[in-house]
Amino acid sequence: MTEPKKVLVACGTGVATSTVVAQAVQAAMKDRGIAIVTRQCKASEVPSQIGDVDLVISTTPLPKDLPRPAIVTLAFLTGIGKDRELEKITEILSR
Amino acid sequence: MDGILTGPDLGFSFAAAWQGLYGMAYLPVVIFCLALVFGTKPVKAASAALSVGIAFIGVVLVIGMFWSVLGDVSQAIAARTGIERDVIDMGWPTAATIAFGSQVGLWVIPIGLAVNIALLLTGITRTMNVDIWNYWHFALIGALVLAATGSLVMGLGTVALIAALSLFFSDWCARAVQRFYGIPGVSVPHILSVQVLPIAIAVNWMIEKIPFLRGLDANAETVTRRLGILGDPTALGFFLGLGLGMIGFLDLDNPVTTSVNAFAVGVSLAAGMMLLPYVLKILMEGLIPVTDGARQFVERRLGKREVTIGLDSSIVIGHPSAMASALILIPVAIALSVLLPGNRVLVFTDLVVIPFIVALAAPIVRGNVVRMVLIGTVTLTLGFYIATALSATFTLAAVDAGIAQPANGTELTAMGDGFVWVTYLAVALTQGLGYAGLAIFAALIAGAFALLHRYRAALERAAGADDPPKED
């Protein structure tokens, strides 16, 4: 049993849109058999929270030069381009 | 026998507990039914409804603790310094709880959807607001109108009108948002953010006339690096609480007691800052089957129609200019809270949502941090007086939603949306003029849409959109 991958989901409040994204990504990764745990925070907290995570997904612009892979996307809110983002996420988490 | 007929005496009256607890008692039932209507399986709908009920219990508990500690320290400060700030900024999570916990909260999702679909089908708006969660802003203003007028019909009418108004603003700033933030097809019908547009346009116009001010800007990255600590809610809550505790409970003869008291206030308030959004997230999660279902419902019915998708302004506040100007505005807001004559509001919880208040000024001033701070200062100054004027109504709406007022007798507000002119306009019109006020509000919104249809390009430019590209 491998450790679940850690995904940090960020938005403006760490409450609203990040919850939508976290739930959508959890469901999609479960279908693909990838074990993940998500944690939510505000975009401004990403630099201090990023230490142990495998991927950051954000609905709002992120600070530059983050040490971990990061995806900024609205696909999980609009439904447009969701599959493409899920491919990207799967690829990063399968490494 | 009597015991059987009247029920066991549990020390409280079920009728009293039932009355006023719309959020806890009714909302789970409504959420269950709505989730079923939108095609969620019964078990999942039941579990979602239960988490909504649980979230309400949790959020009311946290608000009770938080409000009482903040109220006590503000009263202690008033007794010591004579600075009376007895209206506590309990933050947007409290406002959202009032909204969903009110009688109008039960109706906000169907009303919001109906208004949106009607305005889309008639071609009046181009926005499809799929950010169902933030329909709570409509419900909050409706709940305040209900508290102010006592009329459920006016409350529900206000919900519909605010839903329409948010679509107008979304249409107005869509191109500016899309160009400035690089997010095609999207806009933000979010009342707390769009309210800044008229203020930003006016203040920016004045700044343009002032030779020295005109040239000023600040580097967003530097500001964020220097003031970043202020953006951490728990650190902010702790240090601000420590400071307030020191002022409120300072006793030079007993430095140890003073420190312990101040430290306790700091930790309690840091706890409030951390726990309030945390319990609110449970509410958000419980609503997801309904918000997802509602979104798919509109999408299915509107098919391939060309629309602007309305999202939470949360998606634009990560912009460096919004972050930087909001950080500078935190100490500005605290200073205004202390210095403004006639103000009764103690800012606290919503200091962390200032980015939402200024974000949409960014396209208008091309991200100029100094100008955004000035626009924010004007917006907040106005906001303090609006919140002071509405505090009794806000508190009444909170009590109606099942939140108990603490023994210290302080009132409450929230920067989002208690500081917002839209809120004031809605309450003032309906409270002052009754149905005529509601009609005037409707006419104003209709007029705004008409202007937008007539002068779209000019108005879009005013909101910060670049000149339209030559045919490409």
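Since this is a predicted model, take the numbers as computed values, not measurements.

1. As for the overall build of chain B
Scanning chain B for helices and strands turns up 21 helices and six strands. Its C-alpha atoms give chain B a radius of gyration of 23 Å, within 12% of the compact-globule value 23 Å for 472 residues. In terms of overall dimensions, chain B has C-alpha extents of about 80 × 60 × 40 Å along its principal axes. Expressed as a percentage of the 472 residues in chain B, the buried residues total 56%. Restricting to contacts in chain B with at least 6 residues of sequence separation, those with at least 24 account for 81%.

2. Notes on the packing of helix α17 (residues 369-400) of chain B against helix α19 (residues 421-433) of chain B
Residues and elements named next belong to chain B. α19 packs onto α17 with a crossing angle of 40 degrees between their chain directions and a minimal axis gap of 10 Å. It follows that α17 is oblique to α19 by the angle criterion. In this structure, the crossing between α17 and α19 has a hand that is left-handed. Taken together, the residues of α19 that come into contact with α17 (itself represented by L382, I386, A389, L390 and T393) are W421, T423, Y424 and V427. For the contact of α17 with α19, the per-class residue count stands at seven nonpolar, two polar and no charged.

3. Side note on the interface of chain A and chain B
In this complex, chain A contributes 21 residues to the contact, which on the side of chain B involves 23 residues. For the side of chain A that touches chain B, the secondary structure elements donating two or more residues are α1 (17-31) and α3 (75-78) of chain A. In terms of residue count, α1 of chain A provides more of the side of chain A that touches chain B than any other element does, four residues in total.

4. Regarding the packing of helix α4 (residues 42-81) of chain B against helix α5 (residues 91-101) of chain B
Helix packing for two helices is described by the angle between their axes and how far apart those axes are. All names here are of chain B. Here α4 crosses α5 at 135 degrees, and the two axes come no closer than 11 Å. Considering their axes alone, α4 and α5 lie oblique with respect to each other. Crossing of α4 over α5 shows left-handed handedness. For the pair α4 and α5, the contacting residues are F56, V59 and I63 in the first and P93, T94, T97 and G101 in the second.

5. Observations regarding the confidence of the model for chain A
Detailed reading of predicted coordinates is not advised where the pLDDT is low. For chain A, the average pLDDT comes to 92, and 99% of its residues sit at 70 or higher. Within chain A, helix α2 (residues 46-49) of chain A has the poorest average pLDDT of any element, 89, and strand β3 (residues 55-58) of chain A the best, 96.

6. Considering helix α13 (residues 233-249) of chain B
All names here are of chain B. Between its terminal C-alpha atoms α13 stretches 23 Å, which fits the 24 Å expected from 17 residues at 1.5 Å a residue. Inspection of α13 places P233, L236, G237, F238, L240, G241, L244, G245, G248 and F249 among the buried residues, and these make up the whole buried set. Buried-residue contacts for α13 involve α4 and α14 (255-302).

7. Observations regarding the nonpolar core
Residue and element names in this part refer to chain B. Membership of the largest hydrophobic core comes to 190 residues, with the highest contact counts inside it found for A139, L144, V159 and V358. When residues of this core are assigned to their parent elements, the largest contribution, 19 residues, is made by helix α8 (residues 152-181). Ignoring anything within four residues of it in the chain, the contact list for V159 reads V104, W107, V108, I111, F138, A139 and G142.

8. Quick look at the sheet that holds strand β1 (residues 87-89) of chain B
Residue and element names in this part refer to chain B. Sheet architecture is open: three strands sit in the order β5-β1-β6, paired in parallel fashion. The open sheet has two edge strands, β5 (345-346) and β6 (411-413), and neither has a second partner. The sheet contact formed by β1 and β5 spans two bridges and is parallel. Pairing of V87 across the sheet is with V345, part of β5. With respect to the sheet, α4 is in contact with β1, β5 and β6, its orientation differing from that of β1 by roughly 130 degrees.

9. Some thoughts on unusual backbone geometry
That bond from G416 of chain B to D417 of chain B is cis: its omega, 5 degrees, falls within 30 degrees of zero. Inspection of the secondary structure assignment puts D417 of chain B in helix α18 (residues 415-418). The backbone phi angle of D65 of chain A is positive, close to 55 degrees, even though this residue is not glycine. The backbone of R366 of chain B shows a phi angle near 55 degrees, a positive value even though the residue is not glycine. By the element assignment, R366 of chain B lies in the loop between α16 (354-358) and α17. Under the C-beta neighbour-count criterion, R366 of chain B is labelled partly exposed, with 13 such atoms within 10 Å.

10. Brief notes about the sheet that holds strand β3 (residues 186-187) of chain B
Pairing is parallel in the open sheet, where three strands are placed in the order β2-β4-β3 (chain B). Because the sheet does not close on itself, it has two edges, and the strands there are β2 (127-129) and β3 of chain B.

11. Here we look at the pairing of strand β2 (residues 36-42) of chain A
All names here are of chain A. Of the pairings in the sheet, the one linking strand β1 (residues 5-11) to β2 comprises seven bridges and is parallel in character. Bridge pairing links A10 to C41 in β2. What joins β1 to β2 is α1, and the crossover it makes is right-handed.

12. Focus: helix α10 (residues 196-208) of chain B
All names here are of chain B. Given a rise of 1.5 Å per residue, 13 residues ought to cover 18 Å, and the 18 Å separating the end C-alpha atoms of α10 matches this to within 8%. Taken residue by residue, α10 has V196, L197, A200, V203 and N204 as its buried positions. Buried positions in α10, seen along its axis, are confined to an arc of 140 degrees and lie on one side of it. Exposed positions of α10 whose direction lies more than 90 degrees from the buried face are A202, W205 and M206. Tucked inside the fold, the buried residues of α10 contact α8, α9 (191-194), α16 and α17.

Thresholds applied
- Residues numbered from 1 in each chain as written.
- Chains lettered and ligands numbered in written order.
- Predicted model: local features only at pLDDT ≥ 70, side-chain atom pairs only at ≥ 80, totals over all residues.
- Helix = DSSP H or I, 4+ residues; strand = E, 2+ residues; numbered from the N terminus.
- Rg over C-alpha atoms; globule rule 2.2 N^0.38 Å.
- Buried ≥ 20, exposed ≤ 12 C-beta atoms within 10 Å, placed from the backbone.
- Contact = placed C-beta atoms within 7 Å.
- Axes fitted to C-alpha atoms, helices over the stretch in contact; angles between N-to-C directions.
- Parallel < 35°, antiparallel > 145°, perpendicular 65-115°, else oblique.
- Left-handed = near helix turned anticlockwise from the far one by under 90°.
- Nonpolar A, V, L, I, M, F, W, Y, C, P; charged D, E, K, R; others polar.
- pLDDT = per-residue confidence, 0-100.
- Expected span 1.5 Å × (residues − 1).
- Core = buried A, V, L, I, M, F, W, Y, C linked by C-beta atoms within 7 Å.
- Pairing = 2+ DSSP bridges.
- Right-handed = clockwise from strand over helix to strand, strands pointing away.
- Arc of directions from axis to C-beta.

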